[in-house]
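A closer look at the structure
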Amino acid sequence: SGSGTYYYIIEDLAVKANGKISAIGWMNQQGLSWSANYYACRINNNGTLDTTFSSDGVTVINGGFNGDDKSFSMILNSDDSILFSGGAHLTSLQYDYFLGLCNPSGSSVSGKAFFDFGTLIKDISYGMGVDSTGKIVLAGSNVSNTSSTFGLARVNADYSRDNTFGTEGRVTTTFGTNTKNEAFDMVIQPDDKIIAVGYTGNDFAIARYMGNN
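These numbers were taken from a predicted model, which means no experiment stands behind them.

Brief notes about the nonpolar core
In this structure, Val-137, Phe-150, Leu-152, Met-186, Ile-194, Ala-196 and Tyr-209 are the most contacted members of the largest nonpolar core, which totals 14 residues. Among the secondary structure elements, those contributing two or more residues to this core are β11 (136-143), β12 (148-155), β14 (181-188), β15 (194-200) and β16 (203-209). Among the nonpolar cores identified, the runner-up in size contains 13 residues, and Leu-99, Leu-101, Phe-115 and Phe-117 belong to it.

Structure below.
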C-alpha cells in the first residue's frame, strides 16, 4: 500500500494460534533509488496494530550500507522474535544475502549473517527454512549481467557460516545449458533434504539437495 511518498510492501507473514499476525517486507520512498528499508509489523487478531511491538506495532530498519534493504522471507521463533532474510547493498554496491533477527518486542534488530556470491552479482534470498538441527537455509538467486543461478546458503544454529555446506556455506545450481536460473522459494523435508523451486530458461525448475548427508 502507499502512504504519502512511501510504499509499504509485505512479503511474508506468520499467524499465531492467538490470531496475532507478524509480517515483514520493506518500505520504499517513491521516486528514489536505494531508499528501501527493512520493515516488520505485528497486528492483533482484531486487525489493529499491536502496540506492545515497537510501541506502535511497526519497526523500520535501515541496513548497515544505507542502501536498498529488502526482506522477503521470515520465520517466527517460539519466543516471538523474527528471523528475516532478503537482500541489501552490503559489500560491493550489489545485493548480498542478509539474515537479520528482530527481538520479540520489536525494539532492536541485529544482523546475523550475510553471503556474497560474487563482486558483480546481485544476490537476493527469497525463501528460508530451519532444519532439525537448527541450521538456517536461505534460497534465492544470484544474477549477473549475463547469467543467473539458484543460490543456497546455510548458517549454523549460532548464526556462524556453515562451511560444511558447499563452498564456504554457499551452493549454486544451473540446469543444463540455460543461463537464466532463479529460485524463489524452498522447503526443508523431515529428513533435512532441501527443495528449492523457481525457473530455468522458460520452464519451471525444482532441485533437491542432500542437506546433512
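Let's talk about the state of the cysteines
With the rule as written, the count across this model stands at zero disulfides. Just so you know, Cys-41 is unpaired, no disulfide at all, and the nearest cysteine sulfur is the one on Cys-102, 10 Å from it. Overall, the relative accessible area of 5% leaves Cys-41 in the buried class.

Concerning the environment of Ser-125
By secondary structure assignment, the location of Ser-125 is in strand β10 (residues 122-130). Ser-125 sits 28 residues away from Ala-153 along the chain, and the two C-alpha atoms are 9.0 Å apart. Leaving out residues up to four positions away in the same chain, Ser-125 has contacts with Phe-72, Ser-85, Gly-86, Tyr-97, Leu-138, Ala-139 and Gly-140. Side-chain polar atoms of Ser-125 contact the side chain of Ser-85, separated by 3.4 Å. Of the polar contacts made by the side chain of Ser-125, one reaches the backbone oxygen of Gly-127; its length is 3.4 Å.

Observations concerning a nonpolar patch on the surface
Residues Ile-10, Leu-13 and Val-15 make up a contiguous nonpolar surface patch of about 280 Å² in total accessible area. Its location among the elements puts Val-15 in strand β2 (residues 6-15). The exposed category is assigned to Val-15, whose relative accessible area is 56%.

Reading the values: rules and limits
Residues numbered from 1 in each chain as written. Predicted model: local features only at pLDDT ≥ 70, side-chain atom pairs only at ≥ 80, totals over all residues. Heavy atoms only, no water. Core = buried A, V, L, I, M, F, W, Y, C linked by side-chain atoms within 4.5 Å. Buried < 20%, exposed > 50% of the residue type's maximum accessible area, 1.4 Å probe, protein only. Helix = DSSP H or I, 4+ residues; strand = E, 2+ residues; numbered from the N terminus. Disulfide = S-S within 2.5 Å. Contact = heavy atoms within 4.5 Å. Polar contact = N/O pair within 3.5 Å; in protein donor to acceptor, adjacent residues only side chain to side chain. Patch = residues over 30% accessible without salt bridge, like charges linked within 9 Å, V, L, I, M, F, W, Y side chains within 5 Å. Areas by Shrake-Rupley, 256 points an atom, 1.4 Å probe, with all protein chains shown as cover. Salt bridge = Lys/Arg side-chain N within 4 Å of Asp/Glu carboxyl O.

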